Amino acid sequence: QLQLVESGGGLVQPGGSLRLSCAASGFTLDYYTIGWFRQAPGKEREGVSCNSCSGCRTNYADSVKGRFTISRDNAKNMVYLQMNSLKPEDTAVYYCAARHRSVVGACAQETFGSWGQGTQVTVSS
């Protein structure tokens, strides 16, 4: 059974950093595209970043370019989202999601069939 579990969220001051982790189990990460998404209170869920494989092109939302970095450790079946220079508008529940690499769709969330439970990130002074 494919499972994703996020961790690493918390409260951080503006300008600070956090690293989110996503532990994957029940499947081999090498063959899957991984995406990070977020949903702020009262807003729709949006894509943050997607990556198909180590060394592959990575997509980032314009709002996080230059501040967030997605990475993966296929040997550990782990995916990470390094978030730097955090802003209050980054406050949201962050989710990781997976889809098989044979499925195309850029970073469209409707193409991802497996989701974690989410981890809360709050950026506030």
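For the structure, see preceding data.
Cut-off values and rules
- Residues numbered from 1 in each chain as written.
- Predicted model: local features only at pLDDT ≥ 70, side-chain atom pairs only at ≥ 80, totals over all residues.
- Heavy atoms only, no water.
- Phe/Tyr/Trp six-rings, centres within 6.5 Å; stacked < 30°, edge-to-face > 60°.
- Helix = DSSP H or I, 4+ residues; strand = E, 2+ residues; numbered from the N terminus.
- Buried < 20%, exposed > 50% of the residue type's maximum accessible area, 1.4 Å probe, protein only.
- Pairing = 2+ DSSP bridges.

Student: What should I look at first to understand the packing of aromatic side chains in this one?
Tutor: Two aromatic rings, taken as a pair, are described by how far apart their centres are and by the angle between their planes. If you walk through the whole model with that rule in mind, you get 5 aromatic pairs. Both rings, one in Phe37 and one in Trp115, keep their centres 4.9 Å apart while their planes meet at 50°; by these two values the pair is tilted. Here the residue Phe37 occupies a position in strand E4 (residues 32–39), and Trp115 occupies one in strand E10 (residues 114–115), the gap between them amounting to 78 residues. Here the aromatic residues Phe37, Tyr95, Phe112 and Trp115 are joined through ring pairs into a cluster of three or more.

Student: Can you help me understand the pairing of strand E11 (residues 119–123) in this one?
Tutor: Two faces, one strand: in a regular strand the side chains alternate between the faces of the sheet. Side chains Thr119, Val121 and Val123 project from E11 onto a buried face, and the interleaved Gln120 and Thr122 project onto a face without burial. Note: strand E2 (residues 10–12) against E11, 3 bridges, orientation parallel. Looking at E11, one finds that Leu11 is bridged to Thr122. In terms of strand pairing, strand E9 (residues 92–100) meets E11 through 3 bridges, oriented antiparallel. Across the sheet, the residue bridging to Tyr94 is Thr119, located in E11.

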